[in-house]
Structure formats: C-alpha cells, structure tokens
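Here is what each chain is made of, one letter per residue.
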Number of protein chains: 2
Amino acid sequence: MPDQGMAEDMHSLVEHRLRRIDQRYTSGRRAIVDLLVTAGHPVSIGDIAERLPDLPRSSAYRHLTDLHAAGLVRRVAANDEFTRFELAEDLTEHHHHLLCVNCGKVIDVTLPSGAEQQVTSVISQLADTAGFQPHSHRLDVLGLCSACA
Amino acid sequence: MPDQGMAEDMHSLVEHRLRRIDQRYTSGRRAIVDLLVTAGHPVSIGDIAERLPDLPRSSAYRHLTDLHAAGLVRRVAANDEFTRFELAEDLTEHHHHLLCVNCGKVIDVTLPSGAEQQVTSVISQLADTAGFQPHSHRLDVLGLCSACA
DNA sequence: ACATAGTCTAAGACTCAGTCTCAATACAAG
DNA sequence: CTTGTATTGAGACTGAGTCTTAGACTATGT
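Residues numbered from 1 in each chain as written. Chains lettered and ligands numbered in written order. Predicted model: local features only at pLDDT ≥ 70, side-chain atom pairs only at ≥ 80, totals over all residues. Heavy atoms only, no water.

## Let's talk about the protein's contact with DNA strand C
Around DNA strand C, the surrounding shell holds 17 residues, and the nearest of these are Tyr61(A), Arg24(B), Thr26(B), Arg29(B) and Ser59(B). Considering the 4 Å shell around the protein, atoms of DNA strand C inside it are sugar or phosphate in 70% of instances. Arg24(B) places a polar main-chain atom, nitrogen or oxygen, 2.3 Å from a phosphate oxygen of DNA strand C. A distance of 2.9 Å is found between a phosphate oxygen of DNA strand C and a side-chain nitrogen or oxygen belonging to Arg29(B). When residues of the surface near DNA strand C are traced back to their parent elements, those giving at least two are α4 (57-69) of chain A together with α2 (27-39) and α4 (57-69) of chain B. (Near = heavy atom within 4 Å. Polar contact = N/O pair within 3.5 Å; in protein donor to acceptor, adjacent residues only side chain to side chain. Helix = DSSP H or I, 4+ residues; strand = E, 2+ residues; numbered from the N terminus.)

## Re the nonpolar core
Among the nonpolar cores identified, the biggest contains 31 residues, and Phe132(A), Leu139(A), Phe132(B) and Leu139(B) are the most heavily contacted of them. Every element with two or more residues in this core is listed here: β4 (96-100), β5 (106-109), α5 (113-130) and β6 (133-144) of chain A together with β4 (96-100), α5 (113-130) and β6 (133-144) of chain B. Apart from residues lying up to four places away in sequence, Phe132(B) is in contact with Leu98(A), Leu99(A), Cys100(A), Ile107(A), Val141(A), Leu142(A), Gly143(A), Leu144(A), Cys145(A) and Ala127(B). In terms of nonpolar packing, the next biggest core, distinct from the first, is built from 24 residues, Val43(B), Ile45(B), Ile48(B) and Leu64(B) among them. (Core = buried A, V, L, I, M, F, W, Y, C linked by side-chain atoms within 4.5 Å. Buried < 20%, exposed > 50% of the residue type's maximum accessible area, 1.4 Å probe, protein only. Contact = heavy atoms within 4.5 Å.)

## Considerations on the sheet that holds strand β1 (residues 43-44) of chain B
Residue and element names in this part refer to chain B. If you trace the 3 strands from one edge of the open sheet to the other, you get β1-β3-β2, paired in antiparallel fashion. Each end of this open sheet is capped by a strand with a single partner; those strands are β1 and β2 (73-77). Direction of pairing for β1 relative to strand β3 (residues 83-87): antiparallel, over a ladder of 2 bridges. What sits directly across from Ser44, in β3, is Arg84. Here α2 sits on the sheet and contacts β1, β2 and β3; the angle it forms with β3, its principal contact strand, is near 85°. (Pairing = 2+ DSSP bridges. Axes fitted to C-alpha atoms, helices over the stretch in contact; angles between N-to-C directions.)

## As for the pattern of salt bridges
Residues and elements named next belong to chain B. A full pass over the atoms with the stated rule returns 9 salt bridges over all chains. Linking Arg29 and Asp66 is a salt bridge whose minimum nitrogen-to-oxygen distance equals 3.0 Å. Of this pair, Arg29 sits in helix α2 while Asp66 sits in helix α4, and the two are 37 residues apart along the sequence. Arg29 sits in the buried class, given a relative accessible area of 11%. (Salt bridge = Lys/Arg side-chain N within 4 Å of Asp/Glu carboxyl O.)

## A short note on the domain arrangement of chain A
Residue and element names in this part refer to chain A. Looking at chain A, the domain boundaries give domain 1 (1-92) and domain 2 (94-149). On a C-alpha basis, the centres of domain 1 and domain 2 stand 22 Å from each other. A combined buried area of about 960 Å² lies between domain 1 and domain 2, and 49% of that area is made up of carbon and sulfur atoms. Across the contact surface, domain 1 and domain 2 share 0 salt bridges. (Domains from an automatic or database assignment. Buried area = accessible area lost by both parts, 1.4 Å probe.)

## Here's the deal with the interface of chain B and chain A
Often the size quoted for an interface is simply the accessible area lost on bringing the parts together. Residue-level contacts link 41 residues of chain B with 41 residues of chain A. Between chain B and chain A, the buried area comes to about 3600 Å², and carbon and sulfur atoms account for 65% of it. On the chain B side of the interface with chain A, the three residues burying the most area are Leu126(B), Phe132(B) and Arg138(B), jointly 21% of the side's total. At the junction of chain B with chain A, the criterion picks out 2 salt bridges. Between Asp140(B) and Arg138(A) there is a salt bridge, with its nearest N and O atoms 3.0 Å apart. Counting every contact that joins chain B to chain A gives 8 residue pairs in polar contact (both at pLDDT 80 or more).

Right, dumping it as structure tokens:
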C-alpha cells in the first residue's frame, strides 16, 4: 500500500491526465481511484457497489470508462467471472495475477526483475514471428489459492 | 490444422470424456467441436452463429457449457471483448495468444520449448511465494496485429 | 420390433451486466 | 453573476448468457 506522499503524487498525476482530455478530477472519480489504490487488487463492479453504496452503478461504469479512456485504469478479465478493474501500469508496479478457479480470488504478484526480463524476451520472440507489435502483456496463472487447496 | 487421423483420434477422445459423465457425442456437440478444430483459434458465440446458422444460440451455449464441464473446452476472455472458446489444452498444443487491441483479432502462438520452460519456471517461483497451486497458465500479449500496425 | 427410461434439443421467456439518454447540477473563467 | 462546459443521478434500454419445458431422440432390454 502506497504511503501518503506517493498517494498524493498519484492523485495529481491522475488529475493531470484527466485535464489533458478536458475532464475534471471530481469526487466520484476520486472515490473510484481511492478504492482501487486501497484495494491493491482488481475489483469488480460488485465490489465497488458494496464499498460505495451511494454511487449509482451507471456512474461507476461511466467513471471507469472515463478513467480507462485516460489510460489510468485497465480491465482484467478473470476466468469465468465478471470484468474487473485495476489501476494502469503507469500508476502501479508491473505485476501478474494468480486466479483461483474455485473462489474467483485474484492475487497480484510481482516478478523478480530477472524473471520479468525472461518473460519480456519470450514475448519479443513471439511477437516477431507474427509481425505483431506488442504494447503490454499479462501472465495469468490459474489454479487453487492456499485457502482452497 | 490436424490431419484426418489426428482428428479421428480427437473425436474418440471427446466421445470417451463425455461418456464418463453420461453424455453423448451428438451431432450438435460434434458440430461445435469440428468448428473449434477447423477454426484453429478461439471463437466467439457470434462466430458460431455465423458458421452454424441453424444451431440456436441457446443450444450453442449449452453445448459449450457441457463441453466445458467435461474439461474439453476452455474459455478465453479477450481484452474488452466477448467471451471466446477454444479446445482444451489436452486436445491441442499448449499455446498463447496475441490479442490485437484494435481489431480484436486473436492469434494463437506456440512457444519454442526452451521459452516455454522459462515461463513455467517463472510461474513456479510466483506460485511458491503465495502458497498457490497452479493448474495452468495463460500468457496474453496485447498490441497491434500486422494489419493494424 | 416394441417399450421404456434416460438424454438431448429447440424455442423462447428470463436475468442482469453494461450502455445510453436526458434533464438537472456543479464548476471554471470572465 | 452569467455563460458555457463538464458532470451527475435516474432510469430506460440492449444484448450476452441462463433457465425451463415439452417434445424428439437413442440405447438397451425383452
């Protein structure tokens, strides 16, 4: 969890990015971003509705869409589940996901830099052979979390 | 694309797996499996409706659900797109996906075995630190396909 | 061949995640 | 304060995916 100073920097970055596309950093949007920061893992619309009961569903969708348009939020498709959302990689460490196929839990994990480099080089190989221009990647591991195992 | 012999073996494997859970390998199910085999990449319900116009949507869903329950089909969540389906890994080579963020195209790619081993070892590291029991994994690369670049 | 018990299917009603519209409100800048 | 623009809540709407049901099919026993 980021400390106060980091969180402040992050909020001003978010504000700046929104301003660039003529959008304001309002309380509703800030509530969503705060929730994503404190959650520390991808959240579904259901999670948001639970934690921000006064925020209408459609507003939550709109905020997420706007933040997504500003490149501040990304979508994570869990296995058979609903769409979840997390902060974009610019705002957090690059990480991957462990998805529990039993309880649906999503765990964020960060690779040691050596391992991450291995993955990146594997991806360049992949992309080259297909004439594909990679922007980002995701490595999801499906299995059972410690509680469900 | 698998040759005739491989396809036959695969169909009898599918039949056997269905039999184990008291289900038959009927024409509707076979049509879905054939389509997945010949497609060679994940297909959406829309694709299925287009190629099998006489098969009702709800039947397609049911077949896919049944095949999924038998462990013969897996779901692939494309980026912001609809759910797609492909044959389970037992029936095909283990592979990964290049997802075009512009046109939504999904390209299957197979890693050279050395690279695949690297990925696997990275995953064991990840899983160990979280007490996670990995079953399978997916490596998706997001970017632009050669046509959209 | 016939019966029967169980599986499979088409048709369509239904649910609910996600989108869209619009009138009312808040904000920024002069 | 006023005006133009962005934002919001409320709720209608869309469509992917699910569920139900009555009838068709298939395997097996007699």
